[in-house]
Amino acid sequence: WEPAARHFGEALRLAPEQEHYHLMLGRFYFHRAGASRDREKDALYSRVEKAMSRAHELNPLNTDHLANLALLYWKWAESVSSDAQRQGKLEQAHHFYDLAVKNSPRRVVLYNNWARVYLYQGAIEKAHEKIEASLAVDDRFADTYLLQGDERASLEANLKAVEINPGLVGPHSLLGLIYYRWGKFHEALEENYKVLELQPDNVATYRNLALIYERMGRPED
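In what follows, the accompanying structure is described.

Definitions and cut-offs
Residues numbered from 1 in each chain as written. Predicted model: local features only at pLDDT ≥ 70, side-chain atom pairs only at ≥ 80, totals over all residues. Heavy atoms only, no water. Helix = DSSP H or I, 4+ residues; strand = E, 2+ residues; numbered from the N terminus. Buried < 20%, exposed > 50% of the residue type's maximum accessible area, 1.4 Å probe, protein only. Contact = heavy atoms within 4.5 Å. Areas by Shrake-Rupley, 256 points an atom, 1.4 Å probe, with all protein chains shown as cover. Core = buried A, V, L, I, M, F, W, Y, C linked by side-chain atoms within 4.5 Å. Expected span 1.5 Å × (residues − 1). Polar contact = N/O pair within 3.5 Å; in protein donor to acceptor, adjacent residues only side chain to side chain. Salt bridge = Lys/Arg side-chain N within 4 Å of Asp/Glu carboxyl O.

All right, on to the overall build of the protein chain then. The helix and strand inventory of the protein chain stands at 11 helices and 0 strands. A principal-axis box enclosing the C-alpha atoms of the protein chain has dimensions of 65 × 40 × 30 Å. A total of 221 residues make up the protein chain; the buried ones form 39% of that total. Sequence separation of at least 24 residues holds for 52% of the intrachain contacts in the protein chain that already meet a minimum separation of 6. Total accessible area computed for the protein chain in this model is approximately 12400 Å², and 53% of it derives from carbon and sulfur atoms.

Below is the structure:
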């Protein structure tokens, strides 16, 4: 990592107005954050923010910079522990996706990724709106249909599986994950406790329960 950082720094010293170099530096720190431990992510994401914001300042009409900033804030939101911080980052993500689609209203991937942020928040109707906007632009883009059917199909399939055989651990665990992503925390708790009834020593499930209680504002649990 360090030799790469030095070379990026030297490139920007020689050509500080090259927006592409700032973009590449931001992507470098983004990849580095993805490979880092949780306690290091915040500082690295701050460096991504600085580099990509500078690229955006140099060329505010480049939609890629807006999309990259939106993606940054979405992923940053996933790594913070505070609900207030998470909400702030997600609002930033929505802000930049809004600017991006206004700048390039026919880029379906922007609508799709914006929908994924809403799915992460559990805002299904908002996600549906963005998916419909994507389809209105291009109804031949396969990723949109995968996005549309992914979690709904998974929910239905796993509900059917536990209906047929309630003793299966995997479907209960997946249902817990889906409900967590959708913000249905009570349902997520119920499914994870069903896993523990079947496998009392399932370590991942205890971790899942801790995350759910954290999101519910119940640190004592």
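Having seen the structure, we can now continue with the description.
A word on the nonpolar core. Judged by nonpolar contacts, the single largest core of 56 residues is most densely connected at Tyr-29 and Trp-74. If sequence neighbours within four positions are ignored, Trp-74 has contacts with Leu-90, Ala-93, Tyr-97, Asn-113, Arg-116, Val-117 and Tyr-120.

Along its 17 residues, helix α4 (residues 63-79) runs 25 Å from first to last C-alpha, staying within 8% of the 24 Å computed at 1.5 Å per residue. Among the 17 residues in α4, 12 count as buried, and that is most of the element. Turning to α4, its buried residues are Thr-63, His-65, Leu-66, Ala-67, Asn-68, Leu-69, Ala-70, Leu-72, Tyr-73, Trp-74, Trp-76 and Ala-77. Looking at the buried side of α4, the elements it contacts are α2 (19-34), α3 (38-58), α5 (83-103) and α6 (108-121). Looking at where α4 begins, the residue whose side-chain oxygen comes 2.9 Å from the main-chain nitrogen of Asp-64 is Asn-62.

What follows concerns the pattern of salt bridges. Charged atoms that come close allow side chains of opposite charge to pair. Under the counting rule described, the total for this entry stands at 15 salt bridges. Put simply, Glu-190 and Lys-194 hold a salt bridge, and the shortest N to O gap is 3.5 Å. Here the residue Glu-190 and the residue Lys-194 both occupy positions in helix α10 (residues 185-198), the gap between them amounting to 4 residues, near one helical turn. Judged by its relative accessible area of 45%, Glu-190 falls in the partly exposed class. Each of Glu-17, Arg-54 and Glu-57 takes part in salt bridges that share partners, so that together they form one network.

Inspection of the secondary structure assignment puts Leu-99 in helix α5. The sequence separation of Leu-99 and Leu-61 amounts to 38 residues, and the corresponding C-alpha distance is 10.0 Å.

This part takes up the environment of Val-80. Mapping Val-80 onto the fold places it in the loop between α4 and α5. Considered as a pair, Val-80 and Tyr-21 are 59 residues apart in the sequence and their alpha carbons are 28 Å apart.

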